[in-house]
Amino acid sequence: MAEQLHGITVALAGPRKSEEMAKLVQNMGGTALHRPAQGTVFLDDEALREGLASWTSHPPDLAIVTTGMGLDALFAMAAQMNLEERFLEVLSGSPIAARGYKTVNALKKRGLQPEVRDDDGSTSGLIRGLQGWELRGKSVVLQLHGDPAPRLVAWLKETGASVREVQPYLHTPPEPGALARLFAEITEGRVDAVAFTSAPQFRFLAQYAREQGKLKELVQAFEDRVLAVSVGRITSESLKEEGITRIVMPEHERMGSMFVELGRYVAVHR
């Protein structure tokens, strides 16, 4: 495994744990480039307070929770606002739909059980799980994690539900010029792979390409020459939504597994 990435240059689009990721790539014989495609992720206190106040004073008919981290942030803020008991009561009082095993674990920790689960850790899986539910005229609170879910929101509205979004975290764009450099490296084939560790990283890149009128060029580069490497299903979904079909993704969502999977792919397709 030591030399599985020999001669391969990997651009790391994630700002977090980039040193660790670079080390993994180098240990496998590859070259790692730090190319953050997003800025910092921060807790949006004001949005959180407003969301909680609305959630606890007007309990929804259905609560959709999409990340364990987001749920933890909501409970931490509820404690600050002396609303922890009320929030738990409201959550217990309505059916819960959950996406991802980390979310289910965060709910279990608080004695909560989701009635609806995705079948594969993705938004599409969550939609499949909700397919049989009668949502017309129902109010839904959707907890997001710093990334919009346009497809899920559109689907919920199509079913006739009214949707309130609560977004505890905000993802900021990367440094000026960072996306232009990464875009050029991808479309000119100067990197062999790009490792994405969250959906916003690809969304910021795709948005930049779209603004330049060159989204097609970006997608084509990923289809032909450059490998899109994704840490998990949610990140892969953002790639698929723009038409990228060749995605290297590990079975379990781990950064280490992502590079092992890339090594395997490269070994087979050299």
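Up top is the structure.
Residues numbered from 1 in each chain as written. Predicted model: local features only at pLDDT ≥ 70, side-chain atom pairs only at ≥ 80, totals over all residues. Heavy atoms only, no water.

As for the overall build of the protein chain
Piece 1. Along the backbone of the protein chain there are 12 helices and 12 strands.
Piece 2. In the protein chain, which comprises 270 residues, the proportion classed as buried is 50%.
Piece 3. Counting every atom, the protein chain has about 12800 Å² of accessible surface; 50% of that belongs to carbon and sulfur.
Piece 4. Measuring between centres, the 31 positive side-chain charges of the protein chain sit 3 Å from its 34 negative side-chain charges. (Helix = DSSP H or I, 4+ residues; strand = E, 2+ residues; numbered from the N terminus. Buried < 20%, exposed > 50% of the residue type's maximum accessible area, 1.4 Å probe, protein only. Areas by Shrake-Rupley, 256 points an atom, 1.4 Å probe, with all protein chains shown as cover. Lys, Arg positive; Asp, Glu negative; His and termini not counted. Charge placed at Lys NZ, Arg CZ, Asp CG, Glu CD.)

A few points about the sheet that holds strand β6 (residues 116-117)
Paired through their backbone hydrogen bonds, the strands of a sheet run either parallel or antiparallel.
Piece 1. Strands sit in the order β6-β5-β4-β7-β8 across an open sheet of 5 strands; the sheet is parallel. Both edges of this open sheet fall to β6 and β8 (162-166), since each of them pairs with a single strand only. (Pairing = 2+ DSSP bridges.)

A closer look at the side chain of Thr-67
Piece 1. Position of Thr-67 among the secondary structure elements: in the loop between β4 (62-65) and α3 (68-80).
Piece 2. From its side chain, Thr-67 meets the backbone nitrogen of Gly-70 in a polar contact 3.0 Å long.
Piece 3. Contact partners of Thr-67, with chain neighbours within four places excluded, come to Arg-99, Thr-103, Gln-143 and His-145. (Polar contact = N/O pair within 3.5 Å; in protein donor to acceptor, adjacent residues only side chain to side chain. Contact = heavy atoms within 4.5 Å.)

Things to note about the sheet that holds strand β2 (residues 31-34)
Piece 1. Taken in spatial order, the 5 strands make up an open sheet running β2-β1-β10-β11-β12, and their pairing is parallel. Edge strands, defined here as strands with exactly one partner in the open sheet, are β2 and β12 (247-248).
Piece 2. Inspection of the sheet shows strand β10 (residues 193-196) paired to strand β11 (residues 227-230) by 4 bridges, in the parallel sense. For Phe-196, the partnering residue across the bridge sits in β11 and is Ser-230.
Piece 3. Packing of helix α12 (residues 255-269) onto the sheet brings it into contact with β1 (9-12), β10, β11 and β12, and relative to β11 it is tilted by some 150°. (Axes fitted to C-alpha atoms, helices over the stretch in contact; angles between N-to-C directions.)

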